[in-house]
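Structural features, examined
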Amino acid sequence: MAHTAPAHPRMRSWLFAPGDSEKKMGKAEASNADIALLDLEDSVAPENKPAARAMVAEHIAASADARRLWVRINPLTTHDCIADLAAVIPAQPGGVFLPKAEGAADITQLHHYLTALETAHGIPQGRTLIAALVTETAAAMFRTGDYAGDYPGKARLVAMSWGAEDLSSALGAREQRGPDGQYSHTYEMARSLCLIGASAAGVAPIETVQPEFRDLAALEARAKTVRAQGFRGMLAIHPAQVDPINAAFSPSAEELAHARAVVQAFAEHPGAGVVALDGAMLDRPHLALAQRLLAEAQAD
């Protein structure tokens, strides 16, 4: 069976919903989130996981827009992982979110599982996409550059994200942030390694959650900051967070107008390495950024 390359979804906002709550899964799907992320891992107690698998599979199968529905499965090192995949892949979710990933070998292993299940259920091979949480263990921190290589399953990988909670637990750390509310050095390093690793791999870097879901002003400020740093989207834990995230990760009219002006300035001076625009000197990296912004806006 030929491998397919499905179009990548919009990935500004990823809204988690516990897989054992039909109400919360329904709210996530009904929201403006680009991706509703049905969770079988941390938000589901061990004794509830079998029921949650069935509920998630039924919810996806009944959806009119299943490509927007992704599933966070349990880590590859657990027995729950295979049970999760066997339950939900026949319903054809848009993708799976892999926690505690520790390098490209984990993507390849998950790819082989997905390929077997897709084949068994008549699903085009390669249809199920992958996003990975790449900083949740100490070992994972050393392997964020591995995802850039050429390996089986690479075509499925479309996004990488990071997390502070599981990493702090692995490190035995009692706090993640300082008195000013900013992440301490270790977690800023995790964020940076995710961003750099995703860029090297050619996939979307996705910012981690903001636990203080009622503080939308802080959420908006953080989303705008990390977008300026290069992140392409953000995880959410409450529907109220979705619209501010979507707004922060959507280019403004002013940004698009400036990008068009940059492209036009270089078009008017073919072969130039540097052009002047609005009193500033711009070089080729500015052109590349402008072209990328316009291409992403057109894709959206």
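Cut-offs used in this document
- Residues numbered from 1 in each chain as written.
- Predicted model: local features only at pLDDT ≥ 70, side-chain atom pairs only at ≥ 80, totals over all residues.
- Heavy atoms only, no water.
- Buried < 20%, exposed > 50% of the residue type's maximum accessible area, 1.4 Å probe, protein only.
- Helix = DSSP H or I, 4+ residues; strand = E, 2+ residues; numbered from the N terminus.
- Pairing = 2+ DSSP bridges.
- Axes fitted to C-alpha atoms, helices over the stretch in contact; angles between N-to-C directions.
- Contact = heavy atoms within 4.5 Å.
- Left-handed = near helix turned anticlockwise from the far one by under 90°.
- Nonpolar A, V, L, I, M, F, W, Y, C, P; charged D, E, K, R; others polar.
- pLDDT = per-residue confidence, 0-100.
- Phe/Tyr/Trp six-rings, centres within 6.5 Å; stacked < 30°, edge-to-face > 60°.
- Lys NZ or Arg CZ within 6 Å of the ring centre and 35° of its normal.

Concerning the pairing of strand E2 (residues 35–39)
With five of five residues buried, E2 lies mostly within the body of the structure. Of the two faces of E2, the one carrying Ile35, Leu37 and Asp39 and the one carrying Ala36 and Leu38 are both buried. Pairing between strand E1 (residues 13–18) and E2: five bridges, direction parallel. Looking at E2, one finds that Ala17 is bridged to Leu38. Bridging between E2 and strand E3 (residues 69–72) involves four bridges; their strand directions are parallel. Paired with Leu37 across the strands is Trp70, a residue of E3.

Brief notes about the sheet that holds E3
Pairing within the closed barrel is parallel, and its eight strands lie in the order E1-E2-E3-E4-E5-E6-E7-E8. When strand polarity is set aside, the average angle formed by the axes of neighbouring strands in this sheet is 25°. Sheet topology note: the strand E6 (residues 157–161)/strand E7 (residues 204–207) ladder contains three bridges and is parallel. Within E7, the residue paired with Ala159 across the bridge is Ala204. Against the sheet, helix H1 (residues 22–30) makes contact with E1, E2 and E3, and its axis sits at roughly 165° relative to E1, the strand it touches most.

Things to note about the packing of helix H3 (residues 79–88) against helix H4 (residues 104–120)
At their nearest, the axes of H3 and H4 sit 10 Å apart, and the two run at 35° to each other. When you trace H3 past H4, the crossing you get is right-handed. Between H3 and H4, the contacting residues are Ile82, Leu85 and Ala86 on the first element and Leu110, Tyr113, Leu114 and Leu117 on the second. Partitioned by chemical class, the residues of the contact of H3 with H4 number seven nonpolar, no polar and no charged.

Quick look at the confidence of the model for the protein
With 96% of its residues at a pLDDT of 70 or more, the protein has an overall mean of 91. Confidence drops under pLDDT 50 across residues 1–5; counting only partners more than four residues distant or on other chains, this segment forms eleven contacts.

So, the packing of aromatic side chains
The final tally for this structure, using the stated rule, is five aromatic pairs. Taken together, a centroid distance of 5.3 Å and an interplanar angle of 70° make the contact between Trp162 and Tyr183 edge-to-face. With Trp162 in the loop between E6 and helix H6 (165–171) and Tyr183 in the loop between H6 and helix H7 (185–201), this pair connects stretches of sequence that are 21 residues apart. An angle of 45° between the planes, with centres 6.3 Å apart, marks the rings of Tyr183 and Tyr187 as tilted. On the basis of relative accessible area, Tyr183 is assigned to the buried category, the value being 9%. Site record: aromatic cluster; members linked through ring pairs are Trp14, Phe16, Trp70 and Phe97. The residue whose ring lies beneath Arg177 is Tyr183, and the NZ or CZ to ring-centre distance is 4.7 Å.

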